[in-house]
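Structure assessment
Single-letter residue listing:
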Amino acid sequence: MSTSGKSADFDSAMPRFESLHPNHLFTVFLVVFQEILLKRIVLVSGSSNQALSRNISDYLDVPLVDPQLVRFANGEIFCEIEKNVRGADVFLIQSTSTPANDHLMELLIMIDALKRASAASITAVMPFYGYARQDRKVSPRTPISAKLVADLLTVAGATRVITMDLHAGQIQGFFNIPFDNIFASPVILEYIQKEIFNEHTTFVSPDAGGVERVRFYAKKLNSDIALIDKRRTGKNVAQAMSVIGNVQDRECIIIDDMIDTAGTLVEACRVLRENGATKVYACATHAVLSKPALERISNCVELDRVIVTDTIALTEEAKAISKIKVLSTSELLAKAIHRTFNNDSVSSLFI
């Protein structure tokens, strides 16, 4: 027993903290440096929008990996990733556009294959997030399909999701994994400034829910805003009732996140013209263009031009319509992928 009252071997088994030897520091540095060197980025593309995937691949100078998708006679989907992805950071590019269910199932199957191939991380890059409009219960005994899609992606093995212009921002809360909602506004804003905007321009929201989106553009360009009072009489059926704000002798730019059947768009154009608008343009991120959208856009004499992005691949019929102008989001998405891979800020791309 020592004079302090403790046994002689009281702290003999306790670990000692020794200063790091220079050789130890070199070893730590070498390990970290090797991890950086061994970190790999892999791009995989589904079948929904291969042109966009190729543009992203060209910008990043990273080759696309073929998932070798196969559809059996009974409609089942199979894939076999052609390249070793063990330990790689994989970015899987796939919009869940028409046919939404097929493209969603493709995405889930590819994620599962990558997870079983021991990928270090799997980021689902979804330029268009299907089922986003089913983000809440609108009546009794109805699903919240946007939440279901979130659960499916997470369970399949996705470790992060990158998408563009979500229909409802609260969908981000459906995920328990990192989620980045990229905005197409820099691409659209640049085009508006160069090709359309002048001192007589007014930005128009097609409904009350899009006012915040329209206010962003108006604030950037120091312009006025207007709002259309819209009532839905059924699924995919909208009727514009009146215009809130002055559009007399103004060139109006309607801003929305998507164009589906174009019913809302055509009604909005009609009401704006009736209230004195001299020109009407429409800008939307996602060109869903379900039937009869193309017919409505072609026949709408009140509509001067439609500006959309390439988050959804246009059909040949849509490409043939001279009113439709397509802007590329490939550079924006490529930068988001690059920054995610390097653990850099993504929000600085659009803030």
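Report follows, based on the coordinates. (Residues numbered from 1 in each chain as written. Predicted model: local features only at pLDDT ≥ 70, side-chain atom pairs only at ≥ 80, totals over all residues. Heavy atoms only, no water.)

What to know about the packing of aromatic side chains
- One pass over the structure, following the stated rule, counts 5 aromatic pairs.
- Ring plane angle 75 degrees and centroid distance 6.2 Å describe the contact between Y129 and F175, whose orientation is recorded as edge-to-face. Of this pair, Y129 sits in the loop between β6 (121-126) and α4 (145-156) while F175 is found in the loop between β7 (160-164) and β8 (179-182), placing the two residues 46 residues apart along the sequence. Take Y129 and F175: they sit in the same class, and that class is buried. (Phe/Tyr/Trp six-rings, centres within 6.5 Å; stacked < 30°, edge-to-face > 60°. Helix = DSSP H or I, 4+ residues; strand = E, 2+ residues; numbered from the N terminus. Buried < 20%, exposed > 50% of the residue type's maximum accessible area, 1.4 Å probe, protein only.)

Considerations on unusual backbone geometry
- Residue P99 is bonded to the preceding T98 through a cis peptide linkage, with omega at -5 degrees.
- The topology assignment puts P99 in the loop between β5 (89-93) and α3 (100-116).
- In this model, K291 is joined to P292 through a cis peptide bond whose omega is 5 degrees.
- Inspection of the secondary structure puts P292 in the loop between β13 (279-287) and α8 (293-299).
- Backbone geometry at R141 places phi at a positive 60 degrees, although glycine is not the residue there.
- Using a relative accessible area of 78% as the deciding quantity, one classes R141 as exposed.
- Positive phi outside glycine occurs at D165, with the angle close to 45 degrees.
- Within the fold, D165 resides in the loop between β7 and β8.
- By relative accessible area, D165 is classed as buried at 12%.

A few points about the environment of F174
- Tracing the chain through its elements places F174 in the loop between β7 and β8.
- When its relative accessible area of 18% is taken as the criterion, F174 is described as buried.
- Distance in space between the C-alpha atoms of F174 and V149 is 9.2 Å, their sequence separation being 25 residues.
- Other than its neighbours up to four places away in sequence, F174 contacts D135, I144, A146, K147, A150 and D151. (Contact = heavy atoms within 4.5 Å.)

Here's the deal with the sheet that holds β7
- Taken in spatial order, the 6 strands make up an open sheet running β2-β1-β5-β6-β7-β8, and their pairing is parallel. Here the strands that pair on one side only, and so sit at the sheet edges, are β2 (64-65) and β8.
- With respect to the sheet, helix α2 (residues 50-60) is in contact with β1 (41-45), β2 and β5, its orientation differing from that of β1 by roughly 160 degrees. (Pairing = 2+ DSSP bridges. Axes fitted to C-alpha atoms, helices over the stretch in contact; angles between N-to-C directions.)

Concerning α4
- Over its 12 residues, α4 extends 16 Å from the first C-alpha to the last, a length consistent with the 16 Å expected when each residue adds 1.5 Å.
- Of all the residues in α4, the buried ones are S145, A146, V149, A150, L153 and A156. Axial view of α4: buried residues confined to an arc of 150 degrees, hence all on one face. Turned more than 90 degrees away from the buried face of α4, the exposed residues are L148 and V155.
- Just past α4, the residue G157 takes up positive phi, approximately 130 degrees. (Expected span 1.5 Å × (residues − 1). Arc of directions from axis to C-beta.)

A word on the pattern of salt bridges
- Under the criterion given, the structure shown has 15 salt bridges.
- Note that R133 is salt-bridged to D260, the shortest N-O span being 2.8 Å. Here R133 is found in the loop between β6 and α4, whereas its partner D260 is found in the loop between β12 (251-259) and α7 (263-274), with 127 residues between them in sequence.
- By relative accessible area, R133 is classed as partly exposed at 40%.
- Where K147 meets D151, a salt bridge forms, and the shortest distance between an N and an O atom there is 3.0 Å. Of the two residues, K147 and D151 both sit in helix α4, 4 residues apart, roughly one turn of that helix.
- Accessibility expressed as a relative area gives 30% for K147, which makes it partly exposed.
- Each of the salt bridges in this network shares a partner with another, and the network as a whole consists of D112, K115 and R116. (Salt bridge = Lys/Arg side-chain N within 4 Å of Asp/Glu carboxyl O.)

A word on the pairing of β12
- By the criterion of burial, β12 is predominantly enclosed, with 9 of the 9 residues buried.
- In the sheet, strand β9 (residues 201-205) pairs with β12 via 4 bridges, with the strands oriented parallel. Along β12, the bridge assignment pairs V204 with I254.
- Where β12 meets β13, 8 bridges bridge the pair, whose relative direction is parallel. Among the inter-strand pairings, E251 is bridged to a residue of β13, identified as K279.
- Each parallel crossover has a hand, and the one from β12 via α7 to β13 is right-handed. (Right-handed = clockwise from strand over helix to strand, strands pointing away.)

Take it as geometry only, folks, not as evidence of what the structure does.
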